[in-house]
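# A look at the structure
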Amino acid sequence: MTSILYDAPGPRAKRRNILYSIGFLVVFALVAWWVVVKLNDKHQLDWVKWKPFFTDIRPWETYIWPGLENTLTAAGFAMVIALPLGAFFGIARLSDHLAIRIPSGTVVEFFRAIPVLILMIFANAAYSEFTNVSSDDRPLYAVVTGLVLYNASVLAEVVRAGILALPKGQTEAAYAIGLRKGQTMRAILLPQSVTAMLPAIVSQLVVIVKDTALGGAMLTFSELLASVRPMSAAYGANTIACFTIVALIFIAINFTLTTFASWLEARLRRAKKSTGAVLAPTAVAGTAGTGAGGGGI
């Protein structure tokens, strides 16, 4: 049996795939065992290094929660600003007017080509030289600015691609019934493309959450990952335990975000399937009198 994408494996190929899978699992188990042994030799798995996170509230109150709060604050501001800004530039790139399309495309391509860390560093320098933002607030402003500039440009391309992926017949049908381009975009194209764009948008939101760590690495922004170093120093160099706890928190945040997006996408798809406008016979008869059907010879 064959598929459009590949030929179905035969008996020999199936046996070979099973052997490959078993070999991979064996190698993975050996590597995992080697890592555990090395960590145990360095006393990183001793209960004393993990105990503070399960028996003491102080590491959570002093280090983890303030860092998590700063991470969520920066990511939240960046998401709220980048989403509408990206949608604006994505739609602007589809404009029929060169005076709108070319500047929008230039802005998107420029900021999409620059690494987000460089944008953060430049933003930090700009706030230091040209504004009165205090040194305590400057890292947060710089991180949010860098995240917004980069991710808004990426989201603009997501929006543009999502709209262009729709069949051209949608636009032609809207123009045929007399809708203007703005009305077509707002009432027909955007609602249909949101569902298709949602997975890519959520992936970019996850990137925003993770990229807040760049501010802690270069701009002394007290985010979640930056809390590892002082926390490890305060609790006996338990670096592996600290990184593990922080990694699990990042996984929980991003998993929650992805789960919510999956639920929202499913809900939107169900809503589209369950709703539909049924025209009454009088409405259909009314349109016949508008002359849309063409005139006589």
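Residues numbered from 1 in each chain as written. Predicted model: local features only at pLDDT ≥ 70, side-chain atom pairs only at ≥ 80, totals over all residues. Heavy atoms only, no water.

### Some thoughts on a nonpolar patch on the surface
- Residues Val27, Val31, Trp33, Trp34, Val35 and Val37 make up a contiguous nonpolar surface patch of roughly 580 Å² in combined accessible area.
- Here valine 31 lies in helix H1 (residues 11–41). (Patch = residues over 30% accessible without salt bridge, like charges linked within 9 Å, V, L, I, M, F, W, Y side chains within 5 Å. Areas by Shrake-Rupley, 256 points an atom, 1.4 Å probe, with all protein chains shown as cover. Salt bridge = Lys/Arg side-chain N within 4 Å of Asp/Glu carboxyl O. Helix = DSSP H or I, 4+ residues; strand = E, 2+ residues; numbered from the N terminus.)

### Points about the confidence of the model for the protein chain
- Taken residue by residue, the protein chain gives an average pLDDT of 85. The fraction at 70 or more is 89%.
- Taken as a whole, residues 283–297 scores under 50 in pLDDT and shows 1 contact with residues more than four places along the chain or in a different chain. (pLDDT = per-residue confidence, 0-100. Contact = heavy atoms within 4.5 Å.)

### Digging into the nonpolar core
- Core analysis: the biggest nonpolar cluster contains 45 residues, and Phe53, Ile64, Val143, Leu147, Ile208, Leu224 and Ile249 have the highest contact counts within it.
- Elements with a minimum of two residues in this core: helix H2 (47–55), helix H3 (58–92), helix H5 (116–130), helix H6 (138–164), helix H8 (181–218), helix H9 (228–234) and helix H10 (239–274).
- Examining the composition of this core, we find that 10 residues originate from one element, H6, more than from any other.
- Setting aside chain neighbours within four positions, we find isoleucine 208 in contact with Ala75, Ala78, Met79, Leu147 and Asn151. (Core = buried A, V, L, I, M, F, W, Y, C linked by side-chain atoms within 4.5 Å. Buried < 20%, exposed > 50% of the residue type's maximum accessible area, 1.4 Å probe, protein only.)

### Quick look at the packing of aromatic side chains
- What the rule picks out here adds up to 8 aromatic pairs.
- An angle of 80° between the planes, with centres 6.5 Å apart, marks the rings of tyrosine 63 and tyrosine 235 as edge-to-face. Of this pair, tyrosine 63 sits in helix H3 while tyrosine 235 sits in the loop between H9 and H10, and the two are 172 residues apart along the sequence. (Phe/Tyr/Trp six-rings, centres within 6.5 Å; stacked < 30°, edge-to-face > 60°.)

### Details of unusual backbone geometry
- Here histidine 43, not a glycine, exhibits a phi torsion of approximately 65°, which is positive.
- Position of histidine 43 relative to the elements: it lies in the loop between H1 and H2.
- Taking relative accessible area as the criterion, histidine 43 reaches 46% and is therefore assigned partly exposed.
- For alanine 237, which is not glycine, the phi dihedral falls at a positive 55°.
- With respect to the element layout, alanine 237 can be found in the loop between H9 and H10.

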